[in-house]
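Remarks on the overall topology
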Amino acid sequence: MKFRKNILCIGAGYVGGPTMAMIAYKCPQYKVTVVDIDAERIKQWNSDNLPIYEPGLDEIVKKIRGRNLFFCDDIEKAIREAEIIFVSVNTPVKNYGVGIGMAADLQYWEKTARQIRDVSDSHKIIVEKSTFPVKTAQAMERILTSNSSHVQFDILSNPEFLAEGTAIKDLEFPDRVLIGSRMTESGLKARDKLVEIYANWVPRERIVTSNIWSSELSKLVSNAFLAQRITSINSFTAFCEKSGADITEVAKAVGMDSRLGPKFLNASIGFGGSCFKKDILNLVYLCRYYGLVEIADYWESVVRINDYQMRRFVLTILGAMFNTLAGKRLCLFGFAFKANTGDTRESPAIYISRRLIEEKVELVITDPKALANAMKDLKELEGKISYIEDPYEASANCDAIAVVTEWELYSNLDFKKIYRNMVKPAFIFDGRNILDHEKLFEIGFNVFPVGKPALTHFE
Ligand code: NAD
Ligand code: UGA
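Because the structure is a prediction, the values reported are computed rather than measured. (Residues numbered from 1 in each chain as written. Chains lettered and ligands numbered in written order. Predicted model: local features only at pLDDT ≥ 70, side-chain atom pairs only at ≥ 80, totals over all residues. Heavy atoms only, no water.)

**Considerations on the overall build of the protein chain**
What the protein chain contains, in helices and strands, is 18 helices and 14 strands. Its C-alpha atoms give the protein chain a radius of gyration of 24 Å, within 12% of the compact-globule value 23 Å for 459 residues. Oriented by its inertia axes, the alpha-carbon framework of the protein chain measures out at about 80 × 50 × 45 Å. Looking at the protein chain as a whole, 54% of its 459 residues qualify as buried. In the protein chain, once contacts between residues fewer than 6 apart in sequence are set aside, the share between residues at least 24 apart is 73%. Carbon and sulfur atoms provide 53% of the accessible area of the protein chain, an area that totals close to 21,000 Å². (Helix = DSSP H or I, 4+ residues; strand = E, 2+ residues; numbered from the N terminus. Rg over C-alpha atoms; globule rule 2.2 N^0.38 Å. Buried < 20%, exposed > 50% of the residue type's maximum accessible area, 1.4 Å probe, protein only. Contact = heavy atoms within 4.5 Å. Areas by Shrake-Rupley, 256 points an atom, 1.4 Å probe, with all protein chains shown as cover.)

**Some words on the site of ligand 2**
Around ligand 2 there are 21 residues in total, and Leu162, Ser268, Cys275, Phe337 and Arg432 lie nearest to it. Between ligand 2 and glutamate 164 there is a distance of 2.8 Å, counted from an oxygen atom to a backbone nitrogen or oxygen. Between asparagine 266 and ligand 2, the recorded distance is 2.9 Å, taken from a backbone N or O atom to a nitrogen atom. Computed on the free molecule, ligand 2 has an accessible area of 700 Å², of which 90% lies beneath the protein chains in the complex. The leading source of residues in the shell around ligand 2 is helix α9 (residues 212-235), at 4 residues. Of the residues contributing to the shell around ligand 2, the split by class is 11 nonpolar, 4 polar and 6 charged. (Near = heavy atom within 4 Å. Polar contact = N/O pair within 3.5 Å; in protein donor to acceptor, adjacent residues only side chain to side chain. Nonpolar A, V, L, I, M, F, W, Y, C, P; charged D, E, K, R; others polar.)

**Considering a nonpolar patch on the surface**
A cluster of nonpolar side chains, namely Tyr289, Tyr290, Leu292 and Ile295, defines an oily patch on the protein surface of about 460 Å² accessible area. Take leucine 292: it is sitting in the loop between α12 (276-289) and α13 (293-320). (Patch = residues over 30% accessible without salt bridge, like charges linked within 9 Å, V, L, I, M, F, W, Y side chains within 5 Å. Salt bridge = Lys/Arg side-chain N within 4 Å of Asp/Glu carboxyl O.)

**Observations regarding the site of ligand 1**
Surrounding ligand 1, one finds 26 residues, the nearest of these being Asp36, Arg41, Thr91, Glu164 and Lys278. One of the side-chain N or O atoms of aspartate 36 is found 2.6 Å from an oxygen atom in ligand 1. Threonine 112 is positioned with one of its side-chain polar atoms (N or O) 3.3 Å from a nitrogen atom of ligand 1. When ligand 1 sits alone it has 830 Å² of accessible area, and the protein chains cover 92% of it.

**Focus: the environment of aspartate 279**
Inspection of the secondary structure assignment puts aspartate 279 in helix α12. For aspartate 279, a relative accessible area of 2% gives the class buried. For the pair formed by aspartate 279 and valine 195, sequence separation is 84 residues and the distance between their alpha carbons is 26 Å. The contact partners of aspartate 279, leaving out residues within four places of it in the chain, are Thr131, Leu220 and Asn223.

**Some remarks on the sheet that holds strand β13 (residues 427-430)**
Within the open sheet, the 6 strands sit side by side as β11-β10-β9-β12-β13-β14. Their pairing is parallel. Two strands in the sheet have a free side with no partner beyond their single neighbour: β11 (385-387) and β14 (446-449). Going across the sheet, the axis of each strand differs from the next one's by a mean of 20 degrees, ignoring polarity. Where β13 and β14 come together, 4 bridges link them in parallel fashion. Residue phenylalanine 429 lies in a different strand from β14, and its bridge partner there is phenylalanine 448. Relative to β13, α13 is tilted by about 165 degrees, and along the sheet it contacts β9 (329-333), β12 (400-403), β13 and β14. Strand contacts of helix α14 (residues 348-358): β9, β10 (362-366) and β11, with the helix running at about 180 degrees to β9, the strand carrying the most contacts. (Pairing = 2+ DSSP bridges. Axes fitted to C-alpha atoms, helices over the stretch in contact; angles between N-to-C directions.)

Here you go:
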């Protein structure tokens with residue numbers, strides 16, 4: 001079959017896979033290829049067990065794989081054939097050298113840019129899909145134009161705003177698609193070609209265009225605002241626990257102000273995920289680079305309060321259980337950084353597990369989708385943790401349950417049955433406020449929500 005365009009995505013991860021699946025699904029007239037240096041990951045994308053769990057993704061991929069969506073590991077051939085290349089490689093925080101723990105590690109996109117330059121023999125539009133520091137497009141241009149060939153490249157910034165767990169919905173009905181370009185004739189032409197792809201299913205008024213630096217910065221600012229909002233509500237949880245106020249009631253009252261809105265006000269053990277922390281630290285690093293110390297400090301405090309919230313959760317458990325956890329059995333309900341994903345990157349559960357083991361807890365972890373990743377994350381603690389998928393079995397003979405991920409299945413469990421099989425006094429720490437606390441208290445549990453007074457049977 002003859003396709004109208006050849007689109008390529010370099011990086012078959014949480015963004016590259018679902019994003020390209022959506023483009024291919026909505027645009028049968030285009031051939032969409034996804035490549036990765038990780039051949040194993042490509043093999044999984046071509047199998048019945050996709051490398052990531054995302055509601056709705058399996059169905060779409062199975063419908064269009066082999067029709068106009070292809071996963072392969074011949075990167076050079078794919079680059080040569082493509083007209084439009086999305087770069088969706090990882091941009092983790094540097095764990096070495098200058099900017100350690102703060103700056104983005106740019107080695108992955110740089111390698112990709114060099115490979116594109118070396119292999120290309122015709123005009124290409126390069127689309128930044130990964131989250132990059134502001135001015136990455138300029139660095140990319142410099143690399144792409146640094147050899148003697150006269151191949152022309154146009155760079156666009158098209159950051160991705162999907163959230164894991166709702167990626168398919170977010171891709172199908174995005175609040176907005178942002179495309180940043182150079183304001184030159186060829187930059188604007190390239191931008192229009194990308195607009196044309198999204199216009200296949202996204203209403204035109206939701207496709208926003210801007211200059212390229214605004215686009216790069218908007219992605220970092222969006223994540224900073226979202227993370228700040230969670231930190232803002234979380235910062236009042238300790239206050240609520242001390243004062244008798246209830247954070248859910250406070251969030252409802254605050255969120256009814258139409259200027260603020262009700263979303264993203266769920267108090268928690270802190271935000272996790274591969275991006276919020278990394279993107280804010282990256283922003284902080286950029287601010288310091290430009291000498292904007294006060295602004296850097298302001299945004300860094302969002303991460304500091306988030307770390308405090310995770311620490312506070314463990315201290316609450318310790319304090320409630322008579323200041324010793326040694327030899328007690330505790331079950332974590334959930335390990336993923338949020339519900340409906342198997343992703344555990346920067347999950348608060350990792351920190352919480354390590355701290356609990358330091359306190360000599362016998363730890364049991366249950367999660368419907370994230371146990372394989374949990375085992376990898378906590379490899380150094382092998383033999384000290386039990387991993388059990390069934391929550392009833394996992395919590396049996398435990399002194400306490402700590403809800404770490406807001407999986408819906410946990411709200412629908414038979415807690416009478418769970419209580420019967422636990423050591424008494426039995427404790428529940430609801431780090432996500434998803435359970436019926438009054439009912440648990442009536443069953444006999446000592447209940448510790450986040451940002452609400454505890455319900456205990458002690459004098
Ligand atoms: P990921 O680690 O799941 O995927 C990145 C993939 O790129 C990996 O499979 C890796 O093997 C591959 N890769 C690295 N270097 C390569 C190279 N030179 N050639 C070919 N493949 C290469 O990461 P992700 O979660 O998909 O995130 C990718 C980017 O998107 C990041 O910048 C992230 O900040 C951003 N982002 C992520 C999300 C999300 O929900 N995960 C949402 C929006 C934006
Ligand atoms: C987030 C953003 O929501 C996406 O727009 C963005 O594209 C993405 O980061 C990215 O750049 O990677 P994601 O991290 O997948 O998406 O998931 P979120 O729904 O934002 O949740 C992040 C964390 O905050 C989770 O740990 C979640 O449990 C927590 N959270 C979220 C709360 O504690 N309270 C809330 O009210 C909402």
